[in-house]
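Analysis of the macromolecular model
Listed below are the residues making up each chain.
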Amino acid sequence: MPGMSRMDKRRQEEAKKHETKDKKSDRRQPSDAQPPTSKGVPPKKKPKKKKSWGFWVLIVLVALIALSGVGYAKGYFTAKMDKDNKEFEMTAFKGQKSQNDSVNILLLGSDSRGEDQGRSDSIMIAHYNKKTKQPQIVSIMRDTFVGIPTQDGLEYNKINAAYSYGGPEMVRQTIENNFGIPIQYYAVVNFDSFPKIIDVLAPRGLPITAEKDLEVEGTVIKKGQTNLSGHEALQYARFRKDAEGDFGRVRRQQQVMSAITKQATSPLHAWKLPEMLGAVVGYTQTDVPLSTYLSVGSSYLFSSHKSLEILTVPVEGSWENGYYDYAGSVLEINEEMNKQAIQKFFSK
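What comes next is a walk through the structure. (Residues numbered from 1 in each chain as written. Predicted model: local features only at pLDDT ≥ 70, side-chain atom pairs only at ≥ 80, totals over all residues. Heavy atoms only, no water.)

**Comments concerning the sheet that holds strand S3 (residues 134-140)**
Worth spelling out the cut-off: Only strands that DSSP links by at least two bridges are regarded as paired with each other. Segments assigned H or I by DSSP are reported as helices when at least four residues long, segments assigned E as strands when at least two residues long, and all are numbered from the N terminus. Here an axis means a line fitted to C-alpha atoms, over the contact stretch when the element is a helix, while the angle between two N-to-C directions is reported on a 0 to 180 degree scale.
An order of S11-S6-S1-S2-S3-S12 is seen for the six strands of this open sheet, with the pairing classed as mixed. Two strands bound the open sheet, and with one partner strand each, they are strand S11 (284-286) and strand S12 (309-313). Ignoring strand direction, the axes of neighbouring strands in this sheet form an average angle of 20°. Examined bridge by bridge, strand S6 (residues 185-190) and S11 share three bridges and lie antiparallel to one another. Each residue of the ladder has a partner; that of Val 189, found in S11, is Thr 284.

What follows is the structure in structure tokens.
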């Protein structure tokens, strides 16, 4: 510039240099408006998803099913591998459904020893009403004198002879002809196997209030509250060497059945049910499908657990003693009176 001294020019050049340095320095500094860089900052961890309650319920259900399967298999294969568990050839069973969708199962206890060999020592009809959730049992005394529909025509004899004539199917026909009760399934258990089923359910003994002191084949049972092993429970139910005869025996059979039902439906013993079911299926000859066991069992377990109701046939006032050379002592009955009593009992 004209008129500027050398000193002024030098000062002007120095000022320009400082101005240039300040601009470069400003470019290196981040602006307050710029977002902070993520360089050097650790990334945030995503929270883990918690498993829903439904997942844990599924796990528990799978575990219970697996354990139930193991228990069932244990009971079933233990029974099937038992060398004393003998199966007998059965005739075809032509079961019939009831009209009200209830289930009727013919329960037969077979004694393969002595004078009763080949005959059914105990005859019961197990009835379950799916609507009312009511379990019932009809016990038919084995000396009941009835008409048995044999191939040669109607033959009158003790009802327990029907089993030796034609197995469960002949007993079914006899019951339907005399009492009008349709039966859908059957189950036969030999008295040698019955104690083993009880021992699975009640390894510490079956709680029973014994009616009296008694002795059967060396087994002594004292009157009062006691826990009976499977063998003792069988002997208690078989005893009939007193003044009551078969009437007392049937009553004690019913007492044992009630104790078994109570034990099986107790929540404290629920973990034993799969093994017991396996033992029942393994030790009995039956045509009851597993699905029926499960449906009836679950129906009752998830109900109010109504007590087992029991009816003895012949009913009071419907019979009198009789005797025939070929049959021995029998109970001659009023068939119509007993037929109506059973039908009324099941229709409650």
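**Structural notes on the packing of helix H4 (residues 194-201) against helix H7 (residues 273-283)**
As a reminder of what qualifies: Roughly parallel covers angles under 35 degrees, roughly antiparallel covers those over 145, roughly perpendicular covers 65 to 115, and oblique covers all other angles. By definition in these notes, contact holds between two residues if any of their heavy atoms fall within 4.5 Å. Under the convention adopted here, Pro, Cys and the residues Ala, Val, Leu, Ile, Met, Phe, Trp and Tyr are nonpolar, Asp, Glu, Lys and Arg are charged, and Gly plus all remaining residues are polar.
Contact pair H4 / H7: the axes reach a minimum separation of 9 Å and the direction vectors enclose 170°. Classified by the interaxial angle, the pair formed by H4 and H7 is roughly antiparallel. In this structure, H4 uses Lys 196, Ile 197, Val 200 and Leu 201 to contact H7, whose residues at the interface are Glu 275, Met 276, Ala 279, Val 280 and Tyr 283. Its residues assigned to classes, the contact of H4 with H7 shows seven nonpolar, no polar and two charged.

**Concerning the pattern of salt bridges**
Definition in use: Just to be clear on terms, a salt bridge is a Lys or Arg side-chain nitrogen sitting within 4 Å of an Asp or Glu carboxyl oxygen. When accessible area is computed with a 1.4 Å probe and restricted to protein chains, residues below 20% of their type maximum are described as buried, those above 50% as exposed, and intermediate ones as partly exposed.
All told, the structure shown has 16 salt bridges when counted by the stated rule. Where Lys 74 meets Glu 275, a salt bridge forms, and the shortest distance between an N and an O atom there is 3.9 Å. Placement of Lys 74 in helix H2 (residues 53-80) and of Glu 275 in helix H7 is noted, with a sequence separation of 201 residues between them. Among the residues examined, Glu 275 registers a relative accessible area of 15% and is labelled buried.

**Some points on H7**
A large share of H7 lies buried, amounting to ten of its eleven residues. Among all positions in H7, only Pro 274, Glu 275, Met 276, Leu 277, Gly 278, Ala 279, Val 280, Val 281, Gly 282 and Tyr 283 are buried.

**Overview of the pairing of strand S5 (residues 153-158)**
Two faces belong to every sheet, and in a regular strand the side chains alternate between them. In this structure, strand S4 (residues 144-150) lies alongside S5, joined through six bridges in antiparallel fashion. Across the sheet, the residue bridging to Ile 148 is Glu 155, located in S5. Linkage of S4 to S5, two consecutive antiparallel strands, is achieved through a turn of two residues.

**A word on the packing of aromatic side chains**
Note the threshold: Stacked, edge-to-face and tilted are the three classes for Phe, Tyr and Trp ring pairs, Trp counted by its six-membered ring, which pair at centre distances within 6.5 Å; planes under 30 degrees apart are stacked, over 60 edge-to-face, the rest tilted.
A full pass over the atoms with the stated rule returns nine aromatic pairs. Plain terms: the ring middles of Tyr 128 and Tyr 300 are 6.4 Å apart, the flat faces sit at 85° to each other, and that makes the pair edge-to-face. Of this pair, Tyr 128 sits in strand S2 (residues 120-129) while Tyr 300 is found in helix H8 (residues 290-301), placing the two residues 172 residues apart along the sequence. Look at Tyr 300 and you get buried, because its relative accessible area is 9%. Put simply, the rings of Phe 145, Tyr 156, Tyr 324 and Tyr 326 pair up and form one aromatic cluster.

**Things to note about the packing of H7 against H8**
Heads up, the condition is: Crossing chirality is assigned from the near helix's rotation relative to the far helix, an anticlockwise turn below a right angle marking it left-handed and a clockwise turn marking it right-handed.
It is at 12 Å that the axes of H7 and H8 come closest, and there the two elements cross at 140°. Our classification of the angle between H7 and H8 gives oblique. Considering only the axes of H7 and H8, their crossing is right-handed. Contacts between H7 and H8 involve Leu 273, Leu 277, Val 280 and Val 281 from the former and Leu 290, Tyr 293, Leu 294 and Leu 301 from the latter.

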